[in-house]
Amino acid sequence: MSSEYVKRREELVYALKNLGYIRTSRVERAMLKVPRELFVPENVREYAYDDRPLPIGYNQTISAPSIVAHMTELLDPQPGDKILEIGTGSGYQAAILAEIVAPQGHVWSIEKIAELAEFARKNLERTGYSDRVTVIVGDGSKGYEPQAPYDKIIVTAAAPRIPEPLINQLKPGGILVAPVGPLPLQFLFIVYKRPDGKIEIVRDLEVVFVPLIGEYGWKNEREAIAGFWET
Ligand code: SAM
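Draft legend 1. View of the overall build of the protein chain. For the protein chain, the count of helices and strands is 7 helices and 9 strands. Taking 2.2 N^0.38 as the reference for a compact globule, 231 residues should give roughly 17 Å; the C-alpha atoms of the protein chain span a radius of gyration of 16 Å, in line with that estimate. C-alpha extents for the protein chain along the principal axes are approximately 45 × 40 × 35 Å. Here the protein chain holds 231 residues, and 51% of them are scored as buried. Carbon and sulfur atoms make up 51% of the accessible area of the protein chain, which amounts to about 10,800 Å² in all. Within the protein chain, the 31 negative side-chain charges are centred at a point lying 2 Å from the centre of the 27 positive side-chain charges.

Following this line, the structure appears as structure tokens:
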């Protein structure tokens, strides 16, 4: 079955390239290498190479491969980068980033739900990424000060606004990518912190993410849905 998964992975990557989601050889190589089937629960494994989000328990999802590819391209990770991810989920996005920043870079990834952090740790361990990814349980809307500043920061849950601590924890010259807006629809925002510290923000595609719940996120899911009626 594993060679069948490899074939399906290659077909998906080929399709994502044709559709323009994968634009660089770095992201292509990482998407070809990381086995998405080992980051999803067994009951949905057969759908691992459909381009869609899949349930990972606790009302959360692993994002669709096209979104992972597109956000990774926007983040422009480089070998050696220090990266912060907010919303570890399954650990798949973190593994893609770890593959690109190797051998000297590192990914710190924060997950609010302890059981999911454990699920991600196990997935990263069995796929060989645990030495390049540190999973932390906590409120990622506050960032992760002990390792700051970061070259790149990626948020994989929808925030009401770009959390201020994340902008502060980004290096000059760094890039932050985050979905911003209420449920059900948000826009991806790309924040460029210029070398002189100036901030430039670019709005990108419309996306659908679960909410970022935390001090600099939404208070709860109800507030994230109510936010829709205020916009
Ligand atoms: N990047 C993940 C992957 O590759 O599987 C998918 C992330 S999933 C769409 C969003 C995750 O963000 C969920 O696991 C959720 O529990 C988490 N989350 C929500 N609010 C958070 C917060 N304040 N801090 C950390 N994680 C949070």
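Having seen it, we continue.
Draft legend 2. Spatial organisation of the sheet that holds strand β8 (residues 186-193). Taken in spatial order, the 7 strands of this open sheet run β5-β4-β3-β6-β7-β8-β9, and their pairing is mixed. Edge positions in the sheet fall to β5 (133-137) and β9 (199-207), since each of these pairs with one other strand and no more. Here the average twist between neighbouring strands, direction ignored, is 15 degrees. Where strand β6 (residues 150-155) meets strand β7 (residues 170-180), 4 bridges bridge the pair, whose relative direction is parallel. Within β7, the position partnered with Y150 by the bridge is L170. Along the sheet, helix α3 (residues 65-75) contacts β3 (82-86), β6, β7, β8 and β9; its crossing angle with β7, the most-contacted strand, is approximately 155 degrees.

Draft legend 3. Expanded view of the site of the ligand. In the vicinity of the ligand there are 27 residues, among which S90, E111, D139, G140 and I213 approach most closely. In the model, a nitrogen atom of the ligand is placed 3.0 Å from a nitrogen or oxygen of the G87 main chain. Here an oxygen atom of the ligand and a side-chain polar atom of S90 are 2.6 Å apart. Protein coverage of the free-state accessible area of the ligand, which is 610 Å², stands at 99%. Among the elements that take part in the shell around the ligand, strand β2 (residues 60-62) stands out by supplying 3 residues, more than any other. Residues of the shell around the ligand, tallied by class, amount to 10 nonpolar, 13 polar and 4 charged.

About the criteria used
Residues numbered from 1 in each chain as written. Predicted model: local features only at pLDDT ≥ 70, side-chain atom pairs only at ≥ 80, totals over all residues. Heavy atoms only, no water. Helix = DSSP H or I, 4+ residues; strand = E, 2+ residues; numbered from the N terminus. Rg over C-alpha atoms; globule rule 2.2 N^0.38 Å. Buried < 20%, exposed > 50% of the residue type's maximum accessible area, 1.4 Å probe, protein only. Areas by Shrake-Rupley, 256 points an atom, 1.4 Å probe, with all protein chains shown as cover. Lys, Arg positive; Asp, Glu negative; His and termini not counted. Charge placed at Lys NZ, Arg CZ, Asp CG, Glu CD. Pairing = 2+ DSSP bridges. Axes fitted to C-alpha atoms, helices over the stretch in contact; angles between N-to-C directions. Contact = heavy atoms within 4.5 Å. Near = heavy atom within 4 Å. Polar contact = N/O pair within 3.5 Å; in protein donor to acceptor, adjacent residues only side chain to side chain. Nonpolar A, V, L, I, M, F, W, Y, C, P; charged D, E, K, R; others polar.

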